[in-house]
Amino acid sequence: MEETLSGPRRPLRLKAAMLLDFGRKQALSCAFPVLIFASLGFTKLVDVPGIARYDLLLLLCLAIQAAMLLLRLETARELQVVLLFHLIGLMLELFKVRMGSWSYPGEGWSKIGGVPLYSGFMYASVASYMCQAWRRLELSFRGWPDLRLSTGLALLAYANFFTHHWLPDLRWWLTAAIFAAFWRASVSYTAGGQRLKMPVLASFALIALFIWLAENVSTFLGAWAYPDQRLGWSLVHWGKLSSWFLLVILSLLLVYALKRRFPPASSSRPERS
């Protein structure tokens, strides 16, 4: 039987063990984004002569990606999704910077269209987290909506990041549609040898919240700047949570496509009920 992490039938000692195991697996899954944060902090505090900060960040991100593979923290197949999300993020960055949504004020040889190439790794780190969390927590889904519907919503959500500059912004309509489609969906995972579950929408919201918090840290460290942060750092507007909520479903579907094509010994693919 699957229960929530705070299931009342479990003794406190078992709950603590489950929580610790869940935290350990989450921490390992966050290796890529944590190392990127460390790189942002290092380059913020240390000025390396002869190389611009954005160029140094690109080299550090490439080294991190190589280390993830060499240390087997990430598989070659998972790298496919990570690189794809890198390209998806980079295309979004090129467009958004051109439209003035945010900017990268620093200098660097590795900037294209005002966007430093390291920026794609910040999106890639989200996909890396999802790949690793899926594998370590042995995720499986129930009540997943029709794949054509969920894929369509993900593509519309991504397209809206571009089209809302000329057409009406549909983010809240899309958010409502995602809530309706995934209302009954749940995700099961393993922690401390026990199978647990939570609503899929809750997982979307939690991931979006942590990305928003990470975004605040990144802008504080000068990774990029929103228009209202050019004269000094300020908290990223809470409305960005909706953007990350919509982007999470796209990254999850990319990981699902990988897992469906190369299923592990115990299948993790979504199940419809």
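Residues numbered from 1 in each chain as written. Predicted model: local features only at pLDDT ≥ 70, side-chain atom pairs only at ≥ 80, totals over all residues. Heavy atoms only, no water.

A. Fine view of the overall build of the protein. Along the protein, the regular secondary structure elements total nine helices and six strands. Against the 2.2 N^0.38 benchmark of 19 Å for 273 residues, the protein shows a C-alpha radius of gyration of 19 Å, consistent with a compact globule. Taking the principal axes of its C-alpha atoms as reference, the protein extends roughly 60 × 45 × 35 Å. Buried residues in the protein amount to 49% of all 273 residues. Charge centroids of the protein, computed over 28 positive and 15 negative side chains, lie 7 Å from each other. (Helix = DSSP H or I, 4+ residues; strand = E, 2+ residues; numbered from the N terminus. Rg over C-alpha atoms; globule rule 2.2 N^0.38 Å. Buried < 20%, exposed > 50% of the residue type's maximum accessible area, 1.4 Å probe, protein only. Lys, Arg positive; Asp, Glu negative; His and termini not counted. Charge placed at Lys NZ, Arg CZ, Asp CG, Glu CD.)

B. Examining the side chain of Glu-93 more closely. Relative to the assigned elements, Glu-93 resides in helix H4 (residues 76-99). Buried charged residue Glu-93 carries no salt bridge. Nearest counter-charge: Lys-240, at 9.4 Å. A polar atom in the side chain of Glu-93 sits 2.6 Å from the side chain of Tyr-123. Ignoring sequence-local partners within four residues, the contact set of Glu-93 consists of Trp-102, Tyr-104, Val-115, Ser-119 and Tyr-123. (Salt bridge = Lys/Arg side-chain N within 4 Å of Asp/Glu carboxyl O. Polar contact = N/O pair within 3.5 Å; in protein donor to acceptor, adjacent residues only side chain to side chain. Contact = heavy atoms within 4.5 Å.)

C. Geometry of the packing of helix H3 (residues 53-70) against helix H5 (residues 119-137). Where H3 contacts H5, the axes come no closer than 12 Å and their chain directions differ by 15 degrees. One finds that H3 runs roughly parallel with respect to H5. Both H3 and H5 take part in a crossing whose hand is left-handed. Residue-level inspection shows Leu-58, Cys-61, Leu-62, Gln-65 and Met-68 of H3 in contact with H5, the latter providing Phe-121, Ser-128 and Gln-132. Broken down by class, the residue content of the contact of H3 with H5 amounts to five nonpolar, three polar and no charged. (Axes fitted to C-alpha atoms, helices over the stretch in contact; angles between N-to-C directions. Parallel < 35°, antiparallel > 145°, perpendicular 65-115°, else oblique. Left-handed = near helix turned anticlockwise from the far one by under 90°. Nonpolar A, V, L, I, M, F, W, Y, C, P; charged D, E, K, R; others polar.)

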